[in-house]
Amino acid sequence: MDWGFSDAVLALGPLRTYLLDGIRQLILKSVAITPDGPRRGPAVSSVDQEYVVVAHSLGSYLIFSALDINPAMPKTPSVQRAGDAYEQILGRTSLVYFFANQLRLLELAYLDGASDQDMASHLEVWGKLRCDYLKSQQGSNHTCERPQIIALNDPSDLLTWTVPELKTVEVHNVIVKNAVHWLWLIESPTKAHDNYARDKSAIRQMLRLTQP
């Protein structure tokens, strides 16, 4: 806790179920948009709706843990009410940006325990659901264009690693610099981790790489 890992401690502990459930409810509220714009519609996607996910640090793990519902885990009321809405959202998500991803670090922790669903497995499930969604579309030629992960990584950020290659997802690791370097060599690790969303060059690179 003193080292600033309180979010990771919460995600590992008994409050994890509540964290994921809260994220799921926010996701459903975000996609519940009526044709005229207000967010008061049902928790389902419109016919041609597509999604892009932008996640920072531990959020990269939490968002996919929340969306990838493990049948072996107890279902909370929000999961029971949502039905297959989470799978629909994953299937309609074509692009993900990771700021300061911690995928390799989280793999060491086996956050999902006995469920056999680690972070890489969550991402592979996303790739499969995306493929199934594309194949289900009218006029589909039965080929799958893999969804993409664009991971922005600052080498001076001690809490970020590159994303490894995945079978069902196309991965792009991009090096960025989030703060002024000391002696042109290193930068503040705190600023390197926190300044992804403030770094104009990182945002510019993110927008440019929408279609790598």
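The structure presented is a predicted model; accordingly, all values stated were derived computationally and were not measured.

**Comments concerning the overall build of the chain**
Alright, step 1. When you go through the chain residue by residue, the secondary structure sums to nine helices and four strands.
Alright, step 2. A total of 212 residues make up the chain; the buried ones form 44% of that total.
Alright, step 3. Restricting to contacts in the chain with at least 6 residues of sequence separation, those with at least 24 account for 66%.
Alright, step 4. As presented, the chain carries roughly 12,300 Å² of accessible surface, and 58% of it is formed by carbon and sulfur atoms.

**Looking at the nonpolar core**
Alright, step 1. Among the nonpolar cores identified, the biggest contains 33 residues, and Phe 64, Phe 98, Leu 123, Trp 126 and Ile 149 are the most heavily contacted of them.
Alright, step 2. Looking at this core, the elements that each hand over two or more residues are α2 (16-31), β1 (51-56), α3 (59-67), α5 (85-91), β2 (93-99), α7 (119-136) and β3 (148-153).
Alright, step 3. Looking at which element gives the most residues to this core, the answer is α3, with six residues.
Alright, step 4. When near neighbours in sequence (up to four residues on either side) are disregarded, Leu 123 contacts Phe 64, Phe 98, Leu 103, Ile 149, Leu 166, Thr 168 and Val 169.
Alright, step 5. By size, the runner-up hydrophobic cluster in this structure holds eleven residues, among which are Tyr 97, Ala 100, Ile 150 and Val 174.

**Some remarks on the state of the cysteines**
Alright, step 1. Scanning the entire structure with this criterion turns up one disulfide.
Alright, step 2. Cys 131 shares a disulfide with Cys 144; S-S distance 1.7 Å. For the disulfide bridge between Cys 131 and Cys 144, the dihedral angle about the S-S bond is near 65°, and by the sign convention the bridge is right-handed. You can see Cys 131 sitting in helix α7 and its partner Cys 144 sitting in the loop between α7 and β3, a full 13 residues away along the chain.
Alright, step 3. A relative accessible area of 17% means that Cys 131 is categorised as buried.
Alright, step 4. On the basis of relative accessible area, Cys 144 is assigned to the partly exposed category, the value being 31%.

Analysis parameters
Every residue gets a number counted from 1 within its own chain, in the order that chain's sequence is written. Side-chain atom pairs in this predicted model are given and counted only at pLDDT of 80 or more, local residue features only at pLDDT of at least 70, and totals for whole chains, interfaces and linings cover all residues. The side-chain quantities take in all heavy atoms of the structure and omit both hydrogens and water. Secondary structure is summarised from DSSP: a helix means a run of H or I of at least four residues, a strand means a run of E of at least two, and numbering begins at the N terminus for each. Burial classes: relative accessible area under 20% of the type maximum marks a residue as buried, over 50% as exposed, and values in between as partly exposed (1.4 Å probe, protein chains only). When checking whether two residues touch, look at their non-hydrogen atoms; a contact exists if any pair is within 4.5 Å. In short, Shrake-Rupley with a 1.4 Å probe defines the accessible areas, and a residue's cover is counted only from the protein chains shown. Nonpolar core, defined: a set of buried Ala, Val, Leu, Ile, Met, Phe, Trp, Tyr and Cys residues in which side-chain atoms within 4.5 Å join the residues together. Whenever a pair of cysteine sulfur atoms sits within 2.5 Å, that pair is classed as a disulfide.

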